[in-house]
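# Architecture and fold: a report
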Amino acid sequence: MSYPKPSRRSWAEPWKIKMVEPIRMTTPAQRERFMAEAGYNTFLLRSAHVYIDLLTDSGTNAMSDRQWAGLMLGDEAYAGSQNFYNLWEAVTQYYGYKYLVPTHQGRGAEHILSQIMIHPGDIIPGNMYFTTTRLHQELAGGTFVDVIIDEAHDPANPHPFKGNVDLAKLRRVINEAGPRKIPYVSIAGTVNMAGGQPQAMENLRAVRELCKRFEIPLVLDATRAVENAYFIQQREPGYQAKKVAEILKEYCSYTDTCTMSAKKDALVNIGGWLATNDEGLYEEARNLVVVYEGLHTYGGLAGRDMEAIARGIVESVDDDHIRTRIGQVEYLGNHLIDWGIPIVKPIGGHGVFLDAKAFYPHIPQAQFPAQALTCYLYADSGVRTMERGAVSAGRDPKTGEERFPSLELVRVTIPRRVYTQAHMDVVAESILEVYEHRDQARGLKMIYEPKYLRFFQARFEPVT
Ligand SMILES: Cc1ncc(COP(=O)(O)O)c(C=O)c1O
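These figures come from a predicted structure and were not determined experimentally.

Reading guide: rules and limits
- Numbering of residues begins from 1 in every chain and follows the order in which that chain's sequence is written.
- Two thresholds apply to this predicted model, a pLDDT of at least 70 for residue-level local features and 80 or more for giving and counting side-chain atom pairs, whereas whole-chain, interface and lining totals are computed over all residues.
- Remark: hydrogens and water are excluded; side-chain values derive from all non-hydrogen atoms of the structure.
- Two rings belonging to Phe, Tyr or Trp (six-membered ring only in the last case) form a pair when the distance between their centres is within 6.5 Å. Interplanar angles under 30 degrees mark stacking, angles over 60 mark edge-to-face geometry, and anything in between is tilted.
- Put simply, DSSP H or I for four residues or longer makes a helix, DSSP E for two residues or longer makes a strand, and each gets a number counted from the N terminus.
- Only heavy atoms are used to decide nearness, and a residue is near a molecule or strand if one of them lies within 4 Å of it.
- Whenever two N or O atoms come within 3.5 Å, that pair is a polar contact, provided that in protein one can donate a hydrogen and the other can accept it, and provided that, for residues adjacent in sequence, both atoms are side-chain atoms.
- Here, Shrake-Rupley sampling with a 1.4 Å probe gives the accessible areas, and only protein chains in the shown set may cover a residue.
- Classes in brief: Ala, Val, Leu, Ile, Met, Phe, Trp, Tyr, Cys and Pro nonpolar; Asp, Glu, Lys and Arg charged; the others, Gly included, polar.
- Any residue with relative accessible area above 30% and no salt bridge may belong to a patch, with like charges joined within 9 Å and the nonpolar Val, Leu, Ile, Met, Phe, Trp and Tyr side chains within 5 Å.
- We define a salt bridge as a contact between a side-chain nitrogen of Lys or Arg and a carboxyl oxygen of Asp or Glu at a distance within 4 Å.
- When accessible area is computed with a 1.4 Å probe and restricted to protein chains, residues below 20% of their type maximum are described as buried, those above 50% as exposed, and intermediate ones as partly exposed.
- A contact between two residues is defined here by any heavy atoms of the two lying within 4.5 Å.
- What makes a nonpolar core is a set of buried Ala, Val, Leu, Ile, Met, Phe, Trp, Tyr and Cys residues whose side-chain atoms join them at distances within 4.5 Å.
- By this rule, a helix spans an expected 1.5 Å times one less than how many residues it contains.
- Fitted lines through C-alpha atoms serve as axes, helices being fitted only where they are in contact, and the angles separating the N-to-C directions of these axes extend from 0 to 180 degrees.
- Oblique is the label for any angle not under 35 degrees, not over 145, and not in the 65 to 115 range, which are roughly parallel, roughly antiparallel and roughly perpendicular in turn.
- The handedness criterion is simple: a crossing whose near helix is rotated anticlockwise from the far helix by less than a right angle is left-handed, and one whose near helix is rotated clockwise is right-handed.
- DSSP calls a pair of strands paired once it identifies at least 2 bridges connecting them.

## Some thoughts on the packing of aromatic side chains
Working definition: an aromatic ring pair is given by the centre-to-centre distance plus the angle between the planes. For the structure on display, the rule yields 15 aromatic pairs. Ring centres of Tyr360 and Tyr376 lie 6.1 Å apart, and the angle between their planes is 70 degrees; this geometry places the pair in the edge-to-face category. Here Tyr376 lies in helix α14 (residues 369-381) and Tyr360 lies in the loop between α13 (356-359) and α14, a separation of 16 residues in the sequence. Ring pairs connect the aromatic residues Phe84, Tyr85, Trp88, Tyr99 and Tyr282, which therefore count as one cluster.

This is how it looks when you write it as structure tokens:
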């Protein structure tokens, strides 16, 4: 039999749907009321009032049947749960670290790490800040210094590895502060606040060499390191023939320790860990986790949660999975690029990031254009997104001054294995609709500002 050769071959998800969760549309009048009641902060909306929820990819993943089956194998012993050993084995096999301390989520690991490693007056260089990571560093008395390449601060720059560390900047920080004042260099792959942008293997290797010379440890935020490994496979010479799993292990091998929010790459709804090759750090973390999270064999998690993570790790490094996960993000992003809507380029790993400064050039950053854009999107279609700009950046803890970052973004974050391409079409069309009415948009005034991580609970009202 002979068939005509297709001119294109689409990708499809390597799974089919076994269970569904209904979602409901609201009316424009209802959404206007819900947004006002939520103080114009999408974090304060009820999820029942949201149509397509793209607030975050954190803990919003759909688990597989194997993971759900694993929940039934939860060993809920207070100490020595079998699921802990399964998780430890999976982390060692796929991420490569020797020792594991589970935590309830990523910030639990960041807290423990910061309390152990940072002393007042220390400097922590890193490839762009992340909100909870930097706050824990500051609460321990440290100061974060950004050493990411300049290209990362320019949403339109197409550099394929905008998560790279600028080695000259890092060298300068080490020379100025002195290596003794630097407890570790903080690396994230991919870089969330830059728009889900990856770091090249070559760059991490070079950072490793530099740090080795000064005996400075490297700590990886491995939250989306699988997505980073996929970008290395796609973009970095010499990696095309390698499996994502292999690349992930090499990437982690250049670091000493990692913190992890398993709620992202690892395809679960809760969990995290601190993993390390440093026996001394492990000893201290094993001790401290008991104070803040739970015994070192559960760290605030149920046995069943640890089992789901262990199984999720195996699924997360599957090449077909990660290609379609990022393929879906690219599908949405490419629609927006085709329509001339300003987004961060290249398209990131876990979401499409709208450039609110270019979207609303008439709204000053002090009136939070990205926060306003999240409200207009919700009002238009019930799609929930989140701000990653001046509200998220917060204030300098020393001066109390607002920090106005170069990037003023709206994160349109895609949960893993949850929505279909038809949902992505609806989202794209809603963004286009809001873009076409951009001239009428107004900014916001903050009327309630929490002390820590203000973006979660701040309240606003429209500027008149
Ligand atoms: C890069 C990065 N690091 C750390 C965290 C913190 O993890 P968690 O939310 O599990 O505490 C997050 C969560 O959004 C993240 O995106």
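## Some points on the site of the ligand
The environment of the ligand is formed by 13 residues, the closest being Gln105, Arg107, Asp221, Ser261 and Lys264. Residue Ser261 places a side-chain N or O atom 2.7 Å away from an oxygen atom belonging to the ligand. Here the ligand has 390 Å² of accessible area as a free molecule, and 94% of this is covered by the chains. When residues of the shell around the ligand are assigned to their parent elements, the largest contribution, three residues, is made by helix α4 (residues 106-117). Of the residues belonging to the shell around the ligand, the class tally is one nonpolar, six polar and six charged.

## Comments concerning a nonpolar patch on the surface
There is a patch of nonpolar side chains on the surface, built from Trp15, Ile17 and Val20 and spanning about 320 Å² of accessible area. For Val20, the position within the fold is in the segment before α1 (28-37).

## Let's talk about the environment of Cys258
Relative to the elements of secondary structure, Cys258 occurs in strand β7 (residues 257-261). Among the residues examined, Cys258 registers a relative accessible area of 0% and is labelled buried. For Cys258, the residues in contact, after removing those within four places along its chain, are Tyr97, Leu220, Ala222, Trp273, Leu274 and Ala275.

## Notes on the nonpolar core
Membership of the largest hydrophobic core comes to 59 residues, with the highest contact counts inside it found for Tyr95, Ile187, Trp273, Ile309 and Ile313. Sort the elements by how many residues they give to this core and helix α8 (residues 225-235) lands first, with six residues. Counting 29 residues, the second-largest nonpolar core is a separate cluster that includes Ile52, Leu332, Leu336 and Ile341.

## Considering helix α10 (residues 279-292)
An α-helix turns once every 3.6 residues. As a result, residues three or four positions apart point the same way. Its 14 residues give α10 an end-to-end C-alpha distance of 20 Å, which sits within 8% of 20 Å, the value for a rise of 1.5 Å per residue. Among all positions of α10, only Leu281, Tyr282, Ala285 and Val289 are buried. Buried residues along α10 sit against α3 (82-94), β2 (99-103), α4, β7 and β8 (272-276). Looking at where α10 begins, the residue whose side-chain oxygen comes 2.9 Å from the main-chain nitrogen of Gly280 is Asp278. Taken from the residues just after α10, Gly294 is the one with a positive phi, measuring 155 degrees.

## Overview of the packing of α8 against helix α9 (residues 244-253)
α9 packs onto α8 with a crossing angle of 110 degrees between their chain directions and a minimal axis gap of 8 Å. Taken together, the axes of α8 and α9 are roughly perpendicular relative to one another. Crossing of α8 over α9 shows right-handed handedness. Of α9, the residues touching α8 (which contributes Ala225, Val226, Asn228, Ala229, Tyr230, Ile232 and Gln233) are Val244, Ile247, Leu248 and Tyr251. The residue inventory of the contact of α8 with α9, partitioned by class, reads nine nonpolar, two polar and no charged.

## Some points on the packing of helix α7 (residues 201-214) against α9
Close contact between α7 and α9 brings their axes to 9 Å; oriented N to C, the two are set at 20 degrees. The angle between α7 and α9 falls in the class roughly parallel. α7 and α9 meet at a crossing whose hand is left-handed. On the side of α7, the interface is formed by Met201, Leu204 and Arg205, while α9 contributes Ile247, Glu250 and Tyr251.

## Remarks on unusual backbone geometry
Look at the link from Gly189 to Thr190: it is a cis peptide, with omega at -10 degrees. Cis geometry is found at the peptide bond from Lys345 to Pro346, where omega equals -10 degrees. One non-glycine residue, Met128, lies in positive phi territory at about 75 degrees. Unlike most non-glycine residues, Leu453 shows phi in positive territory, near 45 degrees. Checked against the element boundaries, Leu453 lands in the loop between β13 (444-448) and β14 (459-462). With a relative accessible area of 22%, Leu453 lands in the partly exposed category.

## A short note on the sheet that holds strand β11 (residues 386-388)
The antiparallel open sheet is built from three strands, whose spatial order is β9-β12-β11. Two strands lie at the open edges of the sheet, namely β9 (351-355) and β11, each paired on one side alone. Neighbouring strand axes in the sheet, compared pairwise and without regard to direction, differ in orientation by 35 degrees on average. Taken together, the three bridges between β11 and strand β12 (residues 409-413) define a ladder with antiparallel strand orientation. Counterpart to Arg388 in the pairing with β12 is Leu409. Against the sheet, helix α12 (residues 319-338) engages β9 and β12, with an angle of about 25 degrees to β9. Across the sheet, α14 touches β9, β11 and β12, and the angle it forms with β12 is around 45 degrees.

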